[in-house]
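# Reading the structure
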Amino acid sequence: YMRGDLSFDTVNDIKHGSVLRVAPSPGIHPLYVQYSVLKLKRPVDIPVDSAEIGVWIRGNSSSGRVLCEMMDDNGVIWRPVRQAGFIDFDGWRLIETPLPRPPKGERVQSLGHESWASEDRGRSLAPPFKLTGLIIETRIHVIRGAELDLVPDMSFEIGEIVTTK
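First, a word on scope: everything that follows refers to the structure included in this document. Values in this document were obtained by computation on a predicted structure and should not be read as measured data. (Residues numbered from 1 in each chain as written. Predicted model: local features only at pLDDT ≥ 70, side-chain atom pairs only at ≥ 80, totals over all residues. Heavy atoms only, no water.)

## Overview of the sheet that holds strand β10 (residues 130–138)
Sheet strands associate in pairs through backbone hydrogen bonding, adopting either a parallel or an antiparallel arrangement. Spatially, β1-β4-β10-β6-β7-β9 is the arrangement adopted by the six strands of the open sheet, whose pairing is mixed. In this open sheet, the two strands that pair with only one neighbour each are β1 (2–3) and β9 (116–117). (Pairing = 2+ DSSP bridges. Helix = DSSP H or I, 4+ residues; strand = E, 2+ residues; numbered from the N terminus.)

Structural data, given as structure tokens:
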């Protein structure tokens, strides 16, 4: 992973309106994953009864990701550690990540796996949560079988961020 010099600009999509276009920096090693963190000017409340947070993405089959960063009621920042939502598709798709559940006993989930983590691993979740930013990962090449292929359209777009119950 390498902190990237990604470019961001807004474009108009016929179906999704004003969206954020993300493009990677050219000229980096083909196997590097570039990332950037976009912080919101003001955190946005996430409804307490939400089960998932999702991001509408126009994919480019680059195997990049868009991760949501949250802050709990104690001011602790949480980031997802398990997310299957790679941008391995073309066109628009909603990528959802389950939100952390309030602890029941000593575990966050019944299997004991935490899907969100903070820098202080000993902290407990303290809902309600606020969205504080996005972590954006992008690639310029992808591995397909034994081949290293250049991503034809290196930009992808981020639309609305939604929650589901």
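## As for the pairing of β10
The buried fraction of β10 is high, at eight of nine residues. By the bridge criterion, eight bridges tie strand β4 (residues 34–45) to β10 in an arrangement that is antiparallel. The residue bridging Tyr35 from the neighbouring strand is Glu137, located in β10. Looking at chain direction, strand β6 (residues 65–71) and β10 are connected through seven bridges and run antiparallel. If you follow Arg65 over to β10, its bridge partner there is Glu137. (Buried < 20%, exposed > 50% of the residue type's maximum accessible area, 1.4 Å probe, protein only.)

## A few points about the sheet that holds strand β8 (residues 90–98)
Ordered by their spatial adjacency, five strands build an open sheet running β2-β3-β13-β5-β8, and the pairing between neighbours is antiparallel. A strand with exactly one partner marks an edge of an open sheet, and here the two such strands are β2 (7–13) and β8. When the angles between neighbouring strand axes are averaged without regard to direction, this sheet yields 35°. (Axes fitted to C-alpha atoms, helices over the stretch in contact; angles between N-to-C directions.)

## As for the pattern of salt bridges
For the structure shown, the criterion picks out 10 salt bridges. Here Lys165 makes a salt bridge to Asp49, at a shortest N to O gap of 3.0 Å. Residue Lys165 is found in the segment after β13 (156–164), and its partner Asp49 is found in the loop between β4 and β5 (52–60); the two are separated by 116 residues along the sequence. Its relative accessible area of 75% is what places Lys165 among the exposed residues. (Salt bridge = Lys/Arg side-chain N within 4 Å of Asp/Glu carboxyl O.)

## Considering the nonpolar core
Where a protein is soluble and globular, its nonpolar side chains tend to be buried together. Core analysis: the largest hydrophobic core is formed by 23 residues, its most contacted members being Ile46, Ile57, Val66, Ile136, Phe156 and Ile158. Elements represented by at least two residues in this core include exactly β5, β6, β10 and β13. (Core = buried A, V, L, I, M, F, W, Y, C linked by side-chain atoms within 4.5 Å.)

Shape descriptors only; they carry no functional weight alone.
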